[in-house]
Amino acid sequence: YHLFTPRAGTHPRAIPFTDPEKFQVHTPSGGRLLWRSVGIKQDLKNTGIELFHGLSHELPVGLYRTGIRSVVTIHDLIFLHYPTQYKWWDRQVYRAKFRYACTHADSIIAISESTKSDIVSAYGISPEKISVIYQACDPIFQQALTPEARSHTLAPYDLPREYLLYVGSLIERKGLHQIVKALRMLPASLDIPLIVVGKGKAYRKQVEAQVRRYGLQDRVRFLMEIPFDAFPALYQQASALVFPSMYEGFGIPVIEALWSRTPVITSDRSSLPEAGGPDSWYVDPEDAQSIAAAIMEVLENTEARARRVAAGHAYVQRFDGQQLANQVMAVYREVMRG
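Just so we're clear, the structure is a prediction, and the values are computed from it rather than from any experiment.

About the thresholds
- Residue indices begin from 1 for each chain and proceed along its sequence in written order.
- With the structure being a predicted model, the display of local features is reserved for residues of pLDDT at least 70 and the display and counting of side-chain atom pairs for 80 or more, all residues being used for whole-chain, interface and lining totals.
- Side-chain figures throughout are based on the complete set of non-hydrogen atoms in the structure, without hydrogens or water.
- Pairing between strands is defined by DSSP: at least two bridges between them are needed.
- A run of DSSP states H or I qualifies as a helix once it reaches four residues; a run of E qualifies as a strand once it reaches two. Both are numbered from the N-terminal end.
- Here an angle of 0 to 180 degrees is reported between the N-to-C directions of two axes, which are lines fitted to C-alpha atoms, with helices fitted over the stretch in contact.
- Here a residue-residue contact requires only that any non-hydrogen atoms of the pair lie within 4.5 Å.
- Residue types Ala, Val, Leu, Ile, Met, Phe, Trp, Tyr and Cys, when buried and joined through side-chain atoms within 4.5 Å, form a set referred to as a nonpolar core.
- Using a 1.4 Å probe on the protein chains alone, a residue whose accessible area is under 20% of its type maximum counts as buried, one over 50% counts as exposed, and one in between counts as partly exposed.
- Any helix carries an expected span of 1.5 Å times its number of residues minus one.
- Bend at a given residue is defined as the angle between two axes, one fitted to the seven residues that end at that position and one fitted to the seven that begin there.
- Note on aromatic contacts: the rings of Phe and Tyr and the six-membered ring of Trp form a pair at centre separations within 6.5 Å, being stacked when their planes are under 30 degrees apart, edge-to-face when over 60 apart, and tilted otherwise.
- We call a charge positioned over a ring when the NZ of a Lys or the CZ of an Arg lies within 6 Å of the ring centre and within 35 degrees of the ring normal.

A. Broad picture of the sheet that holds strand E8 (residues 194-197). Taken in spatial order, the six strands make up an open sheet running E9-E8-E7-E10-E11-E12, and their pairing is parallel. Here the strands that pair on one side only, and so sit at the sheet edges, are strand E9 (220-223) and strand E12 (281-283). Across the sheet, the axes of successive neighbouring strands diverge by a mean angle of 25°, strand direction being ignored. Two strands pair when backbone bridges link them, and strand E7 (residues 164-167) and strand E10 (residues 240-243) are joined in this way by two bridges, in the parallel orientation. Bridge pairing links Leu-164 to Ala-240 in E10. Strands in contact with helix H9 (residues 252-259) are E7, E10 and strand E11 (264-267); relative to E10, the strand with the most contacts, it is inclined by about 170°.

B. Here's a closer look at the nonpolar core. Leu-165, Leu-176, Leu-194, Val-197, Leu-234 and Ile-265 are the most contacted members of the largest nonpolar core, which totals 64 residues. If near-sequence neighbours (up to four positions away) are discounted, Leu-165 is found in contact with Leu-194, Ile-195, Val-197, Leu-234, Tyr-235, Ala-238, Ala-240, Leu-241 and Val-242. Counting 23 residues, the second-largest nonpolar core is a separate cluster that includes Ile-40, Phe-79, Ala-105 and Ile-108.

C. Spatial organisation of helix H1 (residues 35-47). Taking 1.5 Å per residue, 13 residues should reach 18 Å; H1 reaches only 15 Å between its end C-alpha atoms and comes up short. The largest bend along H1 reaches roughly 40° and is located at Lys-41. Every buried residue of H1 is accounted for by Trp-35, Ser-37, Ile-40, Asp-43 and Leu-44. In this structure, the buried residues of H1 make contact with strand E1 (2-4), strand E2 (24-26), strand E3 (51-54) and helix H3 (88-104). Gly-48 sits one or two residues past H1 and shows a positive phi near 80°.

D. Expanded view of the packing of aromatic side chains. The full count for this structure, using the stated rule, is 16 aromatic pairs. Ring centres of Tyr-1 and Phe-23 lie 6.3 Å apart, and the angle between their planes is 45°; this geometry places the pair in the tilted category. Within this pair, whereas Tyr-1 is found in the segment before E1, its partner Phe-23 is found in the loop between E1 and E2, the two being separated by 22 residues in sequence. The exposure class assigned to Tyr-1 is exposed, which follows from its relative accessible area of 59%. Note on Phe-23: relative accessible area 18%, which makes it buried. Through a chain of ring-to-ring contacts, the aromatic side chains of Phe-79, Tyr-86, Tyr-94 and Phe-98 assemble into a single cluster. Taking the ring centre of Tyr-214 as reference, the NZ or CZ of Arg-184 above it sits at 3.8 Å. When the ring centre of Trp-281 is taken as origin, the NZ or CZ atom of Arg-308, which lies over that ring, is 4.0 Å away.

E. Examining the environment of Pro-139 more closely. In this fold, Pro-139 is placed in the loop between strand E6 (130-132) and helix H5 (147-154). Sequence separation between Pro-139 and Arg-184 is 45 residues; the distance between their C-alpha atoms is 36 Å.

F. Expanded view of the environment of Ile-49. Within the secondary structure layout, Ile-49 lies in the loop between H1 and E3. By relative accessible area, Ile-49 is classed as buried at 15%. Ile-49 sits 46 residues away from Arg-95 along the chain, and the two C-alpha atoms are 27 Å apart.

Here's what the structure looks like:
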């Protein structure tokens, strides 16, 4: 595999991709400006590439004229559904790049049926051109930890014994403010805190103001920085993941929780039922009462909780990385057969 990137990263999780026996990493032979969109074509031809996979919504302009076949992955079209969450210029760039890639790719991979439906609707693409291949999460989430290991990993964060968990960027679409409303609706017997893991500035300040207004300062805690290898313990210790997002291309936190045997409370919209399967708890993301009712059932109905957690763990096996890699390879072979 030849990996083309504007710059070679040094992030620890990128290290496996620098193994010279498996990968060759290429950076721009000239300047980086517009390289992904234009300049990369010459580097692809010089390297003898036969098939190019644009991993995130983009193909080089004019690639189809080079004889190099192409696949593009489209994660979501959120910018069309929630345009105010994006800068004006970004929206224009996304509109042009996404439409061009979908129109000119030999094959499209959508990461959910929801995204596939959006592509067909927005760009008039034939459904036969689009393969739905779901995403996997890091295999680290498949490892069950002992209670002692969880306690050791989480000790530096001084977390309560029981907590609800939110994982995701802090933006309005993901519904954190509705979770805070739901906390206020829970009975005194379910005085359980919420641990929020994610980054954000303006929206976080809004939620913090809401927490103060409701007098919930002791029940909502933000964790800004936590190492990746601590996430499995964070999930496995949680009483439930609460993720009432209005819209997701897929929903990686949902499958991370399912692998962790953690109950999932999530939205009944977009791709989230695909990620959560038939046994997660689904809520109206615009209705805090719906979220509160789901939290109460998860915490109080131990029999249903155990049954649905087991079913969710069985469901998430379909998102195993090797199975999904085989599906991607099948797309590559089909494209190369023309």
